Amino acid sequence: MRLRFTTGSPFARVVRIVLSEKDIAYEKTEEITTTAAAERSRDAPTLQVPALSDGETSLWDSLVIIEYLMTRYPDNKAPAGSMPFASELLRGGREIEDRLQLATLQTLGTSTATISQLKWSGVGLDNDFAAKNKERIGYLLDWFETQLISTEEGFVPGVVSVQDICLAAWLMFIDNRPLGMDWQADRRPKIRSLVGRLSNRPSFTENPIWWWEPGVIGYSEDGTPQYA
Ligand SMILES: N[C@@H](CCC(=O)N[C@@H](CS)C(=O)NCC(=O)O)C(=O)O
């Protein structure tokens, strides 16, 4: 199995966390920055990362890759003393509810990545489009707070779900990027507790969040970006 990703990609980080939960070894085609379209197109016509190759199978889009991993590789490693990772992406009889949560989490990811890209592409955040995306994120988080079971459990009883991983990973991205965004953890106790629980989970610490912006050409061992 081989995964193409950029070091800083938050979409790829979610996939890498799922691979860690499943203890799947994979070859890394790791890039610091976006490579030329012709190179990217060898793995995905979207020219985006993450992209996965597994034998004859080539896949792109983080959620499709995760669905593949959850169905083809059902085994998970059991982290000592903490909640097990979910054994399925969609629960029998609750497929539509689970899909709605996952699709809405993808919208959180797209809105957050859009804000990040507006910033680093030089367009900036002082415009209606950036403001609309920030406003959307507020509404999304209010809805996610209603979807979490309690301050001890996430979206699905008794397990760490893919939804939990997506929500926590995107909020960690917001916290670790100079995007000028505050997701108001105090108003959202269930989400705050989820992010706190997962930030110490081995699959998260094994795949730290590394900052990329134009000019970054590498990282020191602790993840500090190095500039050209
Ligand atoms: N819907 C895609 C989005 C992936 C995405 O936006 N990846 C970014 C990196 S975080 C990318 O490859 N950007 C380069 C580009 O769009 O050309 C997914 O879930 O995988």
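Above this text you will find the structure in question.
Thresholds applied
Residues numbered from 1 in each chain as written. Predicted model: local features only at pLDDT ≥ 70, side-chain atom pairs only at ≥ 80, totals over all residues. Near = placed C-beta within 6 Å. Helix = DSSP H or I, 4+ residues; strand = E, 2+ residues; numbered from the N terminus. Nonpolar A, V, L, I, M, F, W, Y, C, P; charged D, E, K, R; others polar. Pairing = 2+ DSSP bridges. Axes fitted to C-alpha atoms, helices over the stretch in contact; angles between N-to-C directions. Parallel < 35°, antiparallel > 145°, perpendicular 65-115°, else oblique. Left-handed = near helix turned anticlockwise from the far one by under 90°. Contact = placed C-beta atoms within 7 Å.

Trainee: Please provide a residue-by-residue account of the site of the ligand, values included.
Mentor: Of all residues adjacent to the ligand, which total 13 residues, the nearest are Ser9, Phe11, Gln48, Val49 and Ser62. Secondary-structure elements contributing two or more residues to the shell around the ligand are helix H1 (10-21) and helix H3 (62-72). Per-class residue counts for the shell around the ligand are seven nonpolar, five polar and one charged.

Trainee: Break down the sheet that holds strand E1 (residues 2-6) for me, with residues and values.
Mentor: Strands sit in the order E2-E1-E3-E4 across an open sheet of four strands; the sheet is mixed. The two strands at the open ends of the sheet, each matched to only one other strand, are strand E2 (27-31) and strand E4 (57-60). Averaged over all adjacent pairs, the angle separating strand axes in this sheet is 15°, with direction ignored. Relative to E4, strand E3 (residues 51-54) runs antiparallel, the two sharing four bridges. Along E4, the bridge assignment pairs Ser53 with Ser58.

Trainee: So what's going on with the packing of helix H4 (residues 95-120) against helix H6 (residues 162-176)? Residues and values would help.
Mentor: In the contact formed by H4 and H6, the axes pass within 10 Å of each other and the chain directions differ by 15°. When the axes of H4 and H6 are compared, the pair comes out roughly parallel. For the pair H4 and H6, the crossing hand works out as left-handed. Two secondary-structure elements touch here, H4 through Gln101, Leu102, Leu105, Leu108, Gly109 and Thr112 and H6 through Val162, Gln163, Cys166, Leu167, Trp170, Phe173 and Ile174.

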